[in-house]
Amino acid sequence: MKKDISNLYLQAREIYASQGIDTEEALKTLAGVPLSIHCWQADDVGGFEQADSGLGGSGLAVTGNYPGKPRTMAEFRQDLEKAFSLIPGHNRLSLHASYGDFTNGFPGRDRIGPEHFESWVAWAREHDLKLDFNATFFSHFMVKNGYTLASRDKTVRDYWIEHGRRCREISSYMGRELDDICIHNIWIPDGEKDITPSRMEHREYLRDSLDQILDHPLPSGTMRDSVESKLFGIGTETFVVGSHEFYLGYAITKNTMLTLDIGHFHPTESVADKISSVFLYIDELLFHVTRGVRWDSDHVVSWNDPLTDLMQELVWSGRLPKAHIGLDFFDATLNRVGAYAIGARNTLKALLWALLLPTNKLREYEREGKYFERLALYEEFKNLPFGAVWDRFCEINEVPVGTNYIDEVEKYEKDVLSKR
Ligand code: RNT
Ligand code: ZN
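So, here's what we can say about the structure. (Residues numbered from 1 in each chain as written. Chains lettered and ligands numbered in written order. Predicted model: local features only at pLDDT ≥ 70, side-chain atom pairs only at ≥ 80, totals over all residues. Heavy atoms only, no water.)

### Notes on the pairing of strand β12 (residues 323-327)
- In terms of residue burial, β12 counts as a mostly covered element, since four of its five residues are buried.
- One ladder, built from two bridges, connects strand β1 (residues 35-38) with β12; its direction is parallel. Bridged to Leu35 within β12 is Ile325.
- Bridging between strand β9 (residues 285-289) and β12 involves five bridges; their strand directions are parallel. Considered in β12, the bridge of His288 is made with Gly326. (Buried < 20%, exposed > 50% of the residue type's maximum accessible area, 1.4 Å probe, protein only. Helix = DSSP H or I, 4+ residues; strand = E, 2+ residues; numbered from the N terminus. Pairing = 2+ DSSP bridges.)

As structure tokens, this is what we get:
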């Protein structure tokens with residue numbers, strides 16, 4: 001089996017080389033791009049607080065009840081380990097604050113600290129992983145009338161400001177311990193289902209709350225903040241406080257990163273097109289790779305046109321080294337470990353695809369005004385033996401090649417998940 005793949009790869013390498021593309025170079029570049037793999041697909045955004053669970057009123061929804069969901073932190077980690085073993089490359093883990101280790105009791109979101117993430121840091125060390133972090137501004141009794149940092153109620157705002165501050169400290173702790181910048185992402189669900197005369201008021205509250213969270217210097221080189229926009233959500237169809245314009249302006253003035261979630265825009269809007277504009281004003285971006293389907297932003301990533309467009313633009317803009325690629329999907333209707341493998345592998349595949357495009361030649365044609373040739377070459381590349389190069393990447397990284405990962409997931413389901 002292995003031998004066949006290698007032969008196929010050798011042929012593919014030659015075919016690409018005849019078009020001026022170095023597959024070895026592309027594989028090396030791909031190996032240097034870690035995915036920040038989100039922890040929350042493993043348990044339907046449940047977390048370990050053992051209180052106030054459920055996504056009600058948070059602008060998020062998970063449907064499905066596929067068997068085998070992890071019941072303990074040990075099972076949760078076991079599933080993550082399995083998922084990582086099916087994904088090629090050297091990747092990272094992105095934790096939500098609600099996933100702390102609260103074995104000794106959950107003190108409340110306004111009381112969490114690095115001590116609740118010590119066991120995660122140890123686990124990350126053991127598996128040679130770096131960590132990213134997310135404050136959790138949803139699924140909680142202090143989300144009042146759908147608001148957190150942008151609430152009219154000062155008590156509510158103050159509660160979440162304290163949570164945000166603590167999450168930055170935790171991020172800094174993770175970055176320091178693991179010796180790599182931990183990206184701290186802020187997303188809040190705040191908004192209105194129906195017509196409101198109070199948009200301005202809420203946005204002023206959000207700006208001020210964020211200022212209070214962020215205006216606290218932390219040791220440099222340990223963490224960086226990123227703010228994530230959204231245009232609409234479940235229960236926030238009419239108004240979302242943290243819109244794209246809001247955070248674009250905020251990130252530029254406050255020198256934070258910006259998170260572009262590809263499921264957070266109108267369905268015909270191209271996130272790929274935003275890259276070359278936003279990178280002119282913001283030095284680093286975080287992407288949440290997901291699949292928007294109608295009003296939902298969180299389907300398991302499929303290799304579709306928006307994903308291809310995104311990866312192409314990251315490569316063509318020359319900003320791939322300044323892009324942080326995170327995953328963000330959750331679906332409880334299918335094997336959760338399998339969902340990770342599908343989404344993460346597709347993300348990497350699409351990036352490899354973009355790295356193997358004849359960019360120089362396309363530019364040359366363009367400069368010569370040869371627009372027929374530019375399009376024809378781009379289209380013909382869809383027929384090249386891309387699959388063999390992708391298989392090679394899996395082989396080098398010692399993860400299942402091709403459809404073999406389906407068997408692996410089925411085996412894990414039979415041996416582990418079905419016994420829960
Ligand atoms: C929600 C945002 C956000 C969340 C996670 C769980 O629409 O995309 O990133 O999915 O924080
Ligand atoms: Zn997101």
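### Observations concerning the pattern of salt bridges
- What the rule picks out here adds up to 29 salt bridges.
- Across the pair Lys254 and Asp215 runs a salt bridge, and its minimum N-O distance is 3.3 Å. Residue Lys254 is found in helix α7 (residues 244-254), and its partner Asp215 is found in the loop between α6 (199-214) and β6 (223-228); the two are separated by 39 residues along the sequence.
- Measuring nitrogen to oxygen at the nearest pair gives 2.9 Å for the salt bridge that ties Glu379 to Lys382.
- When its relative accessible area of 34% is taken as the criterion, Glu379 is described as partly exposed.
- A relative accessible area of 45% places Lys382 in the partly exposed class.
- Residues joined by salt bridges that share partners form a network here, namely Arg71, Glu75, Asp79 and Arg420. (Salt bridge = Lys/Arg side-chain N within 4 Å of Asp/Glu carboxyl O.)

### Observations concerning the coordination of the zinc ion (ligand 2)
- Coordination of the zinc ion (ligand 2) by the protein is provided by Glu228 (OE), Asp261 (OD), His288 (ND1) and Asp328 (OD), with metal-donor distances spanning 2.1 to 2.2 Å.
- Note that the zinc ion (ligand 2) binds six donor atoms; their angles at the metal cover 70 to 168°, and the shape is octahedral.
- Sequence positions of the donors to the zinc ion (ligand 2) reduce to the motif E-x32-D-x26-H-x39-D. Pair noted here: Glu228 is in strand β6 and His288 is in strand β9, with a separation of 60 residues, a long-range link. For the pair Glu228 and His288, one class covers both residues: buried. (Donors = N, O, S within 2.8 Å, 3.2 Å for Na, K, Ca; no water. Tetrahedral: all angles 85-135°; square planar, octahedral: opposite > 155°, others 65-115°.)

### Some details on unusual backbone geometry
- With a phi close to 60°, Asn255 is a non-glycine residue in the positive phi region.
- Residue placement: Asn255 occurs in the loop between α7 and β8 (257-261).
- Positioned with a positive phi, Arg294 is a non-glycine residue whose angle comes to about 50°.
- Topologically, Arg294 is positioned in the loop between β10 (291-293) and β11 (296-299).
- We classify Arg294 as exposed; its relative accessible area is 71%.

### Some points on empty space enclosed by the protein
- One pass over the full model with this rule turns up four cavities of 30 Å³ or more.
- Here the largest cavity is characterised by a volume of approximately 160 Å³.
- Surrounding the largest cavity, 19 residues form its lining, His96, Phe138, Trp187, Glu228 and Asp328 being those nearest its centre.
- A class-by-class count of the residues in the lining of the largest cavity yields eight nonpolar, six polar and five charged. (1 Å grid on protein atoms, 1.4 Å probe; cavity = no way out; pocket = protein on both sides within 12 Å on 5 of 7 lines; lining within 4 Å. Points joined across faces, edges and corners; volume = space filled by probe spheres on them. Nonpolar A, V, L, I, M, F, W, Y, C, P; charged D, E, K, R; others polar.)

### What to know about a nonpolar patch on the surface
- On the surface, Ile252, Leu280 and Tyr281 cluster together to form a nonpolar patch covering roughly 340 Å² of accessible area.
- By secondary structure assignment, the location of Ile252 is in helix α7. (Patch = residues over 30% accessible without salt bridge, like charges linked within 9 Å, V, L, I, M, F, W, Y side chains within 5 Å. Areas by Shrake-Rupley, 256 points an atom, 1.4 Å probe, with all protein chains shown as cover.)

### Re the sheet that holds β9
- Around the barrel, eight strands lie side by side as β1-β2-β3-β4-β6-β8-β9-β12; this closed barrel has parallel pairing. Sheet twist, expressed as the mean angle between neighbouring strand axes with direction ignored, is 30°.
- As paired strands, β8 and β9 are joined by four bridges and run parallel to one another. Among the inter-strand pairings, Asp261 is bridged to a residue of β9, identified as His288.
- Across the sheet, helix α8 (residues 271-278) lies against β8 and β9, angled at about 165° from β8, the strand it touches most. (Axes fitted to C-alpha atoms, helices over the stretch in contact; angles between N-to-C directions. Contact = heavy atoms within 4.5 Å.)

### Structural notes on the site of ligand 1
- All residues adjacent to ligand 1 are Trp40, Leu60, His96, Phe138, Trp187, Glu228, Lys230, Asp261, His264, His288, Asp328 and Phe330.
- Here an oxygen atom of ligand 1 and a side-chain polar atom of Glu228 are 2.8 Å apart.
- Here Lys230 contributes a side-chain N or O atom positioned 2.7 Å from an oxygen atom of ligand 1.
- For ligand 1, the protein covers 100% of the area, taking 300 Å² as the surface of the free molecule.
- A molecule is said to occupy a pocket when more than half its atoms come within 2 Å of that pocket's grid points, and by this definition ligand 1 occupies the largest cavity.
- A per-class count over the shell around ligand 1 returns five nonpolar, three polar and four charged. (Near = heavy atom within 4 Å. Polar contact = N/O pair within 3.5 Å; in protein donor to acceptor, adjacent residues only side chain to side chain. Sits in = over half its atoms within 2 Å of the grid points.)

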